[in-house]
Amino acid sequence: MLDLVWLAIAFPLIGVLINGLFGRVIRSKLISGIIGCTALGLSFAVAVLTWLDYTYQFWTTRDGPYYEVVLWPWMYIGNLKIDAGLLVDPLSIVMFLFVTGVSFLIHIYSTGYMAHDEGYSRFFTYLNLFVAMMLILVLGNNGAVMFVGWEGVGLCSYLLIGFWYKDMYNANCGMKAFVVNRIGDFGVLLGLFMLFTYFGSLNFTTIFKEAGSVLEPGSWIPLAIALFLFLGATGKSAQFPLHIWLPDAMAGPTPVSALIHAATMVTAGVYMVARLNPIFNASPTAGFVVALVGCFTAFMAATVAMTQNDIKKVLAYSTVSQLGYMFLACGVGAYWVAIFHVVTHAFFKACLFLGSGSVIHGMHEEQDTRYMGALAKFMPWTYFTFLASTIAIAGIIPFAGFFSKDEILWQVAIWQTRFGWAPTMLWIVAALTALMTAFYMGRVTWKTFQGQQRWTPEFVEKHKHPHESGAAMVMPLVVLSALAVVAGFLLFTPPWLGNNTTLKDFLAPSTANAQYVKTHAAAEPGQHQPEHELPAPGAEAASAGHAGEHHAAFISLGNVTATEIAFAAFSVLLALIGLLVSRQIFVNQPKATEAWKKHWAPAYQFSLNKWFFDELYHRVIVVPGTAVAYACWRFFDLRIVDGIVNGTAWIVGVTGHLVRPLQTGFVRNYALYLLLGVVILLIFNLVK
Amino acid sequence: MPQDILLILVRGVILVVVCLTAFAYLTYLERRVLSWFQWRVGPNRVGPWGLFQPIADGVKAILKQELIPRRADKVLYLIAPIISFSAAFTMFSLIPVGERVFLTDLPIAVLVFLGLSSLAAYGVILAGWSSQNRYSFMGALRSIAQVISYELGLGLALMVPVMIVGSLKITDIGNIYRAETWHPAYLFVLLPAGVLFLVSAMAETARIPFDLPECESELVTGFHTEYSSLKYAMFPMGEYMGMSAMCAIAVHFFLGGYLLPAIGGVDLTNWVGLIVGNPDAVWGPQEGYWTVVSLSALGLSTTLTFVAKTLFLILIFMWIRATEPRFRYDQLMQFGWKVLLPAGLVLVFLAALFVVLMPDLGGGAQSTMEVSMYVPR
Amino acid sequence: MSDMSVVVSNSLFLSAVLFTIGVLGVMIRRHPVIIFMCIELMLNAANLALVAFNDYHYSKAWPALDGQVYAFMVIAIAAAEVAVGLAIIVALFKRRERVDVDEINLLRG
Amino acid sequence: MSIELIGWWLMAAIAVVSAIGMLSARNPVHSVLWLVVNFTSLAVIYLIHSAPVLFAIQLIVYAGAIMVLFLFVVMFFMSPQARQWLRPALKGQLVLGGILVVAFLLLIIWGVGASGMGIVFNTPLIEGASLATDLTAGAGMGDPRPLGWWLFSNHVLPFELTSLLLLIAMIGALMVARDLKSEGRAIVPETAPVVSDEDDEQEVLA
């Protein structure tokens, strides 16, 4: 089965071909939908089989954790040798599984959500193409293949954001996403070029194997590579300063928001950082930057999310914020935790988005939470699944979000870094963000489903009341919310709560590069700490990446279990506070918020306008850029480029005028010239 | 070397004598046959059954006055019949008439044959043009167009057996009809190709119903209106020789050449060898009395077979002449370009298909071809 | 073998002479068909040289027939050229009573 | 003197004489016929140079088809009495052309002479074969298969492209030569002034 893993990419591509080429011919929404869903179902089946095969066959006989499937030689130019190949290892399997699984559910949901749309088959074409590209991204065995997927998902994202392209706003949003992503792609390309320069190959396995010998720890080379790659990650995963496209990406259909802009594509950046963790491990500074940016983004997005009125905007900023968490985990070296959060986040965030889609569907395209309220009794399924996911994202035990988020906070707390103040600072900000997360998620839930009915008069007049969505939409909600509830303790529980380390153990070969660590540790004897002084098992992953950077942790680890329990209790407390306070405010005293808005007007406006990032970029980048382009057009294009072109034409004209007499029109004159040329050539050749 | 050349010369002389005689009696035969077809008597006065009629005709032609038109291009006017005559004879020299009885057996005989058949057109063209007579010129122009058009069908029809055999040598091609190499697929490609060839050959030699260059009723016998006496006689001579050569080629390509018929899967040609001597001796070193006898018997029997087959085809030509009306000119062109050419292409395609699909076709000649010595680089 | 001695350079000289006659014809004759035929003569002279070169270079060890193949190609292309060229000449004849290449200069500069 | 060499000299002489005849014939029909003679003699020289297939193709294609086309065109469009000789050509064309032609011939002969190719004799494709044995026995030199093999292995792409070229030329010739006006499908509208003829004549006269 491992050799057939390409089938998982082939099935959606076949779906693309059928729906894309014959969608207009088929004309049956049922068939289009069945094709799209079947492709994904088969793909998911391949994923499951691959996982089982890997676990039970390859795992027992492996030489290393990596199983490579080389499909065909792709580019052989000089010493650049790139194969189109796939890499199966724990990391890609985890991504593979949840990408196909969540995509499958969202495809099913889409058959209901898009049922009345004209571009039905087009939608499934794009969606299938997206999944194929995402799988190329996560399964690629080298940087080039991954980059193909990277660009491919960007393209699909663009196509799907602008799916209703007849509305100029949607098209512009797609454009914005595309342009902002280009900046990140530029970083990825530079990173890949540097990787090729120093490793002579783009194959991940080669890079993993040789990272220890090629990269000098702490030097500028891994730092530069890591930062370039991270620039790409900020673009794709909507981190500060390139986060601005994601909220606008909500212009696309809601299943798209759920699939691409919450669950899968935006986690590609996290995946890439985790995938190339040896590079990041080799540069503590890069890790620090990643953690800092992640933490700041998490905080910033959370503040913005607290005041947004559009239900999807809230969820979008929530996504940005959660992605910040993931990068925070990556930055502190706990890659498996990042992936863990990717997975759990995919479940509950997809559920939330689909729930919001269900609400929008039920409210007949109303997205503003100010005109909702009291939907719980009309849409019970949506309400309960949404609520479960909200609790999960807020981090209440034993929902999935609790385990991942708590682990991130814990890993931050025990982070070993030479920036001594960082763990404390980052933990405080992250904890604050957790509080805000609970608050704004509570806010959006209560405002939507509880409290007064604030439906617009037109809506009431037209539709009387909202309606629950159909089975095709509810079923994925139920499945996803169930996963959001149980995924946590199925995959991982901390030592004091059963000590289930399934995911951690599974991912360990991919995310903790033991071979590298040894070389790395030996390379810096001055900062090396003996093994027995390393902290307790809970910090293993962190210490694996940063064995040589053992300066200070946020906490002294006397009694690890007790400390962990205390931390966990604290974060659950924060979450409870957030949820309850928001319930108190938005269910019981909705009027009070108006006063606060006036009282805290500057802060409120700052948050509502998303920290004025769009305006800032407009002033700093768009306006000067336009000016420069205008200047280039006026001066360079009109004068120099056109001048060269016109000058060439003029020269040709003058020359033509000069040699015109030679062209007598008599064919025998031409023959004479020809003969003259032949004679001259003969003389040249013979008389030397 | 001198012996070789001498041998060639002797064989050539024999060929010319035989052909001239044959020509003379072919004219007689045609007249008699036509008369029978047309329910009349035909030439029967000179000699028994009119058998000396050709000789009388020849004497008459020689004794007639020579007329050369005043405005004619004299050199070309004289050369034209010679070209027409000699091209046909040269064509005949390519054709083996029996087992080991031939003047030449060129490995590129088919190509040379096609070349000569197209050169033969010059005779007609020049005769028509140099006479400076409108009718003659008309005939010449028609002849050019007709020869060029029908040469395509002719060549394509010949290509079919050539592709199957993988050789351009006439004896090689005749040999595929031996019992041991015969293949049912021949019926599907070679038979239609043979029909195509005969039709094209009829047009190429300007026989009725394709005799538009002559066309008595419109052009007053067309290109040789102005010819008289012996020069005139050379045209029918060339025509008959050309027709005979075409029929002979058709026999070789589509009727099994000089091979005796096969009965019950056993080749009579081989039987002859068996009867008169050890078959190995036939192909062995040519020594001894028996070898000479067996070779002679083989040569004689095959030659007679060949002549019989050729005569059969010639009779078919005569039969058609007696029964078919002449084409209209546009019909002629349409038929050549829109029927024969596509048909020929289809047949060539079919033959290629068969050659690819059936390796044992043509006695496996394709697979036994030794190309290893020509492998480049 | 010695009785087969055809000196290759003889053919090359012959080729040169024929080619020159062709060139001369293009230079002095005014009838388009004859000029065209002179071009054909030149092509054939070139073919002769190719065949002679092939003969010169052919050996058991190196049984290359590229010269003959090129000559073959030249013949095929000459056929195409003649078809188009004669069509042009026919078109000219249809438009004019008398065709003289020294009176046709519509394409002058 | 072998028979081949005698044949070569004979054919060479015929070739040169016929080429000159082609050049100097007043009647284009005679020119064409001279050229046919020339091509036939060249074909025989090909045979002597161990190129039997080219010999046949030269006969079929050149003598049999191309020259017949020439003859056709000449006969159709030339009145038989129209004769022409070397009339005064373009200004300076004759002088310059003559000089260049002589220079060209001398240079080529010099080049060939300097190449030292005169020493090597031709080799038959099969050891011990001669023209006479080829004609009678049909073995050896006359074998067309090496050329076929060479053509369809090393040069198969040019060969196929040639077929394409011929098709294009055929269609092109048809389009150029067909009389659109008489078919009532003139590309040039009837109202458009057909002035190019008169213009041209005037220019030439002026």
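Scoring rules and cut-offs
- Residues numbered from 1 in each chain as written.
- Chains lettered and ligands numbered in written order.
- Predicted model: local features only at pLDDT ≥ 70, side-chain atom pairs only at ≥ 80, totals over all residues.
- Heavy atoms only, no water.
- Helix = DSSP H or I, 4+ residues; strand = E, 2+ residues; numbered from the N terminus.
- Buried < 20%, exposed > 50% of the residue type's maximum accessible area, 1.4 Å probe, protein only.
- Contact = heavy atoms within 4.5 Å.
- Areas by Shrake-Rupley, 256 points an atom, 1.4 Å probe, with all protein chains shown as cover.
- Core = buried A, V, L, I, M, F, W, Y, C linked by side-chain atoms within 4.5 Å.
- Phe/Tyr/Trp six-rings, centres within 6.5 Å; stacked < 30°, edge-to-face > 60°.
- Lys NZ or Arg CZ within 6 Å of the ring centre and 35° of its normal.
- Salt bridge = Lys/Arg side-chain N within 4 Å of Asp/Glu carboxyl O.
- Expected span 1.5 Å × (residues − 1).
- Axes fitted to C-alpha atoms, helices over the stretch in contact; angles between N-to-C directions.
- Parallel < 35°, antiparallel > 145°, perpendicular 65-115°, else oblique.
- Left-handed = near helix turned anticlockwise from the far one by under 90°.
- Nonpolar A, V, L, I, M, F, W, Y, C, P; charged D, E, K, R; others polar.
- pLDDT = per-residue confidence, 0-100.
- Pairing = 2+ DSSP bridges.
- Patch = residues over 30% accessible without salt bridge, like charges linked within 9 Å, V, L, I, M, F, W, Y side chains within 5 Å.

### What about the overall build of chain B?
Looking only at helices and strands, chain B features 14 helices and two strands. Out of the 377 residues belonging to chain B, those deemed buried represent 55%. In chain B, once contacts between residues fewer than 6 apart in sequence are set aside, the share between residues at least 24 apart is 79%. In the form shown here, chain B has an accessible surface area of approximately 17200 Å², with 71% of it arising from carbon and sulfur atoms.

### Observations regarding the overall build of chain D
Counting its regular elements, chain D contains eight helices and zero strands. Traced from its N-terminal end to its C-terminal end, chain D shows the element sequence α-α-α-α-α-α-α-α. Pairs at least 24 apart in sequence give 52% of the contacts found in chain D among residues at least 6 apart. Accessible surface, chain D as shown: approximately 10100 Å² in total, 73% of it carbon and sulfur.

### A short note on the nonpolar core
All names here are of chain A. Within the largest apolar cluster, 204 residues are counted, with the highest numbers of intra-cluster contacts made by Ile279 and Phe280. The element contributing the most residues to this core is helix α15 (residues 335–362), with 18 residues. For Phe280, the residues in contact, after removing those within four places along its chain, are Ala226, Leu229, Phe230, Val273, Ala286, Val290 and Tyr335.

### Thoughts on the packing of aromatic side chains
Counted under the stated rule, the structure contains 51 aromatic pairs over all chains. The interplanar angle of 50° and the centroid separation of 6.1 Å between the aromatic rings of B:Phe253 and B:Phe254 together place this pair among those described as tilted. The class of B:Phe253 is buried, set by a relative accessible area of 1%. Every member of this aromatic cluster is reached through a ring pair, and the members are A:Phe240, A:Phe296, A:Phe606, A:Trp611, A:Phe612, A:Phe613 and A:Tyr617. Over the ring of A:Phe178 we find A:Arg182; its NZ or CZ atom is 4.5 Å from the centre of that ring. Stacked on the ring of A:Trp446, the Lys or Arg A:Arg583 has its end atom at 4.9 Å from the ring centre.

### Description of the environment of A:Cys351
Residue position: A:Cys351 is located in helix α15. Each C-alpha atom of the pair A:Cys351 and A:Ala262 lies 9.9 Å from the other, and the pair is 89 residues apart in sequence.

### What about the pattern of salt bridges?
All names here are of chain A. Applying the stated rule across the entire model yields ten salt bridges over all chains. With a closest N to O distance of 2.1 Å, Arg182 and Asp185 form a salt bridge. Of the two residues, Arg182 and Asp185 are both situated in helix α6 (residues 168–199); the distance of three residues between them amounts to about one turn of the helix. The network of salt bridges with shared partners includes Glu151, Arg182 and Asp185.

### Some words on helix α3 (residues 74–93) of chain B
The end-to-end C-alpha distance of α3(B), which contains 20 residues, comes to 29 Å, matching closely the 28 Å that a straight helix rising 1.5 Å per residue would cover. Along α3(B), the residues that are buried comprise B:Leu76, B:Tyr77, B:Ala80, B:Pro81, B:Ser84, B:Phe85, B:Ala87, B:Ala88, B:Phe89, B:Met91, B:Phe92 and B:Ser93.

### Focus on the environment of A:Met133
Residues and elements named next belong to chain A. Counting through the fold element by element, Met133 comes out in helix α4 (residues 120–139). A sequence separation of 124 residues divides Met133 from Ile9, and the C-alpha atoms of the two residues are 7.8 Å apart. Sequence-distant contacts of Met133, defined by excluding residues within four places in its chain, comprise Val148, Gly149, Gly152, Val153 and Cys156.

### Topic: the side chain of A:Asp185
Residue A:Asp185 is classed as buried on the basis of its relative accessible area, which comes to 4%. Setting aside residues up to four positions removed in sequence, A:Asp185 forms contacts with A:Phe147, A:Trp150 and A:Glu151.

### Some thoughts on the packing of helix α17 (residues 400–413) of chain A against helix α18 (residues 422–449) of chain A
All names here are of chain A. It is at 8 Å that the axes of α17 and α18 come closest, and there the two elements cross at 160°. Regarding the angle of α17 to α18, the classification is roughly antiparallel. Considering the relative orientation of α17 and α18, their crossing is left-handed. For the pair α17 and α18, the contacting residues are Lys405, Leu409, Val412 and Ala413 in the first and Pro423, Leu426, Trp427, Ala430, Ala431, Ala434 and Thr437 in the second. Residue classes in the contact of α17 with α18 are distributed as nine nonpolar, one polar and one charged.

### Considering the confidence of the model for chain D
Residues and elements named next belong to chain D. With 64% of its residues at a pLDDT of 70 or more, chain D shows a mean pLDDT of 72. Residue range residues 119–140 is modelled with pLDDT below 50. Its contacts to residues more than four positions away, or to other chains, number 57 contacts. Every residue in residues 188–206 is under pLDDT 50, and counting partners more than four places away or in other chains gives 15 contacts. Listed scores for the predicted complex are pTM 0.57 and ipTM 0.73.

### Here we look at the pairing of strand β1 (residues 67–77) of chain A
All names here are of chain A. Taken together, the nine bridges between β1 and strand β2 (residues 80–88) define a ladder with antiparallel strand orientation. Its bridge partner lying in β2, Trp72 is registered against Ala84. The antiparallel hairpin formed by β1 and β2 contains two residues in its connecting segment, where Gly78 sits at a positive phi of about 60°.

### Remarks on helix α9 (residues 229–254) of chain B
Counted at 1.5 Å a residue, the expected span for α9(B) with its 26 residues is 38 Å, and the 38 Å between its end C-alpha atoms agrees. Immediately downstream of α9(B), the backbone of B:Gly256 shows phi near 80°, a positive value.

### Describing a nonpolar patch on the surface
All names here are of chain D. A grouping of Phe152, Val156, Leu157, Leu161, Leu164, Leu167, Ile168, Met170, Ile171 and Met175 is seen on the molecular surface, where their side chains present a nonpolar patch of about 950 Å² in accessible area. Among the elements that line the nonpolar patch, the one with the most residues is helix α7 (residues 156–177), at nine residues. As for its position among the elements, Phe152 is in helix α6 (residues 145–153). Judged by relative accessible area, which is 47%, Phe152 ranks as partly exposed.

### A look at the side chain of A:Asn181
Residue and element names in this part refer to chain A. Structurally, the position occupied by Asn181 is in helix α6. Given the relative accessible area of 4%, Asn181 is considered buried. Beyond its immediate stretch of four places on either side in the chain, Asn181 contacts Gly235, Lys236 and Trp245.

### Digging into the environment of B:Phe335
All names here are of chain B. Looking at the secondary structure, you find Phe335 in helix α13 (residues 329–357). Measuring from C-alpha to C-alpha, the distance between Phe335 and Ser149 comes to 9.6 Å, with 186 residues separating the pair along the chain. In this structure Phe335 touches Tyr150, Val199, Phe210, Phe327 and Leu340, once residues within four positions along its chain are discounted.

### So, the confidence of the model for chain B
Residue-level pLDDT values for chain B average 78, and 84% of them are 70 or greater. Segment residues 366–377 of chain B: pLDDT under 50, and 22 contacts once partners within four positions in sequence are set aside and those in other chains are kept.

### Examining unusual backbone geometry
All names here are of chain A. Following Phe240, the chain continues into Pro241 via a peptide bond in cis, with omega recorded as 10°. Tracing the backbone shows Pro241 in the loop between α8 (220–236) and α9 (245–248). One non-glycine residue with positive phi stands out, namely Lys610, at about 60°. Since its relative accessible area comes to 21%, Lys610 is described here as partly exposed. For Trp611, which is not glycine, the phi torsion reads 60° and is therefore positive. Within the secondary structure layout, Trp611 lies in the loop between α26 (601–608) and α27 (613–659). The class for Trp611 is buried, based on a relative accessible area of 19%.

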